[in-house]
Amino acid sequence: MAIQQKYRREEVSEVSCCLKYIIFSFNVLFWMFGLSVMAVGVWAWTEKNAFNNLSKLTHLALDPAFALILIGGITFIIGFTGCIGALRENTCLLGSYAVLLAVILILELTAGVLTFVFKDSIKSQATEGLQTFIVHYREDPDQQNLIDWIQEDWLQCCGIKGPEDWDLNNYFNCSSQKVGSREACGVPFSCCKRKLNEIVENKQCGYDVRKEGFYAEKWTSLNLPTQTGERNIYERGCMRAAEEWVEDNFIGVLTTVMTVTILQILGICFAQNLRADIFAQKGKWH
């Protein structure tokens, strides 16, 4: 009588549950974060009716909403492959997860090296990008909010090299006085220095501040003796302010970069170890 040999899966799994659920838990958060960021980007595009009129999206790479959609989408995909791959012990998804992390890590290292080697060229490209932001300041609310946040809240600066850069914008150009622009020879409110105990922000504080003889006219209109002094706006350009910010926060920036790099390397190693455990377990089924 022939004995039929049966193959069956071992009841006790040798796949590391600790490793499995570390990858799963981390990537659930990563997945949800990516979905949230992507949703914000889609909402921003919907608010400015971008989906119905894609021709309005000039300089797509500089659109903050598009950046959110792109970053959120990539994060969502990575989180999905890691989360489902670990939960279902799917070696294909885990392999994809490790490859995606490795590609992003290589791109980050390459960008860091290129930034260090071609510092002047990168600075020039950043200047051109900021000039585009200034030119289209009133045309895209997302770009406008981003510039205002950079100038007022983050770097406390004005323009690229200084307030005069706002002459690039049609609304703030001094020649716009001829067509009755109230903002001509001025700067956005985000360039203004906030006064102590100011409750309501003055949105018109940047009017005429670049106009020649502005302060003399101001004191005359108040029937006060003419005085001279600094304008109540940030005179420092944002490029210089950004360089100073990096120098002042170099340790924090370096620590953040190193932490992200280590987490990516650990993610790759954990995914590969889990795949190895799964393959070893499958090898014992026969």
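Note that the structure is predicted; figures quoted are calculated from it, not measured. (Residues numbered from 1 in each chain as written. Predicted model: local features only at pLDDT ≥ 70, side-chain atom pairs only at ≥ 80, totals over all residues. Heavy atoms only, no water.)

**Student:** Before we go on, may I ask you to explain the layout of surface pockets in this structure?
**Tutor:** One way to see where empty space is left: roll a probe the size of a water molecule over the atoms. Space inside the largest pocket adds up to approximately 1,600 Å³. In terms of lining residues, the largest pocket is bounded by 41 residues, among which Gly112, Thr115, Val246, Val253 and Val257 are the most central. For the lining of the largest pocket, the secondary-structure elements that each account for two or more residues are helix H1 (17-47), helix H2 (64-87), helix H3 (91-117), helix H4 (119-135), helix H5 (141-154), helix H7 (238-248) and helix H8 (250-283). The leading source of residues in the lining of the largest pocket is H8, at eleven residues. Of the residues that constitute the lining of the largest pocket, the class distribution is 29 nonpolar, seven polar and five charged. (1 Å grid on protein atoms, 1.4 Å probe; cavity = no way out; pocket = protein on both sides within 12 Å on 5 of 7 lines; lining within 4 Å. Points joined across faces, edges and corners; volume = space filled by probe spheres on them. Helix = DSSP H or I, 4+ residues; strand = E, 2+ residues; numbered from the N terminus. Nonpolar A, V, L, I, M, F, W, Y, C, P; charged D, E, K, R; others polar.)

**Student:** What is the right way to read the nonpolar core from this model?
**Tutor:** If you look at soluble globular proteins, the nonpolar side chains tend to sit buried side by side. Counting 15 residues, the largest nonpolar core has Tyr137, Ile147, Cys158, Trp166, Val187, Cys191 and Ile233 as the members making the most contacts within it. Among residues more than four places away in sequence, those in contact with Cys158 are Gln151, Pro163, Trp166, Val187, Cys191, Tyr234, Arg236, Gly237 and Cys238. (Core = buried A, V, L, I, M, F, W, Y, C linked by side-chain atoms within 4.5 Å. Buried < 20%, exposed > 50% of the residue type's maximum accessible area, 1.4 Å probe, protein only. Contact = heavy atoms within 4.5 Å.)

**Student:** Just checking my understanding: could you explain the packing of H2 against H3 for this structure?
**Tutor:** Helix-helix packing: each pair is described by the crossing angle between the helix axes and the interaxial distance. At their nearest, the axes of H2 and H3 sit 8 Å apart, and the two run at 145° to each other. Crossing geometry of H2 relative to H3 is assigned as left-handed. Here Ile74, Ile77, Ile78, Thr81, Gly82, Ile84, Gly85 and Ala86 of H2 lie close against H3, whose contacting residues are Leu93, Leu94, Ser96, Tyr97, Leu100, Leu101 and Ile104. (Axes fitted to C-alpha atoms, helices over the stretch in contact; angles between N-to-C directions. Left-handed = near helix turned anticlockwise from the far one by under 90°.)

**Student:** How should the confidence of the model for the chain be read in this particular structure?
**Tutor:** Should the pLDDT be low somewhere, the predicted coordinates at that spot are not to be read in detail. Considering every residue of the chain, the mean pLDDT works out to 85; 84% of them sit at 70 or more. Predicted confidence is poor over residues 6-12, with pLDDT under 50, and the contacts of this stretch with residues over four places away or in other chains come to nine contacts. (pLDDT = per-residue confidence, 0-100.)

**Student:** Could you clarify how one ought to interpret the packing of aromatic side chains in this entry?
**Tutor:** The full count for this structure, using the stated rule, is ten aromatic pairs. With a centroid separation of 5.8 Å and an interplanar angle of 20°, the aromatic rings of Phe26 and Phe30 are classed as stacked. Here Phe26 and its partner Phe30 are both found in helix H1, four residues apart, which amounts to about one turn of the helix. For Phe26, a relative accessible area of 40% corresponds to the partly exposed category. The exposure class of Phe30 is partly exposed, given its relative accessible area of 26%. Each residue in the set Trp31, Phe76 and Phe80 is aromatic and connected to the rest through ring pairs, giving one cluster. Positioned over the ring face of Phe189 is Lys203, at 3.8 Å from the centre of the ring. (Phe/Tyr/Trp six-rings, centres within 6.5 Å; stacked < 30°, edge-to-face > 60°. Lys NZ or Arg CZ within 6 Å of the ring centre and 35° of its normal.)

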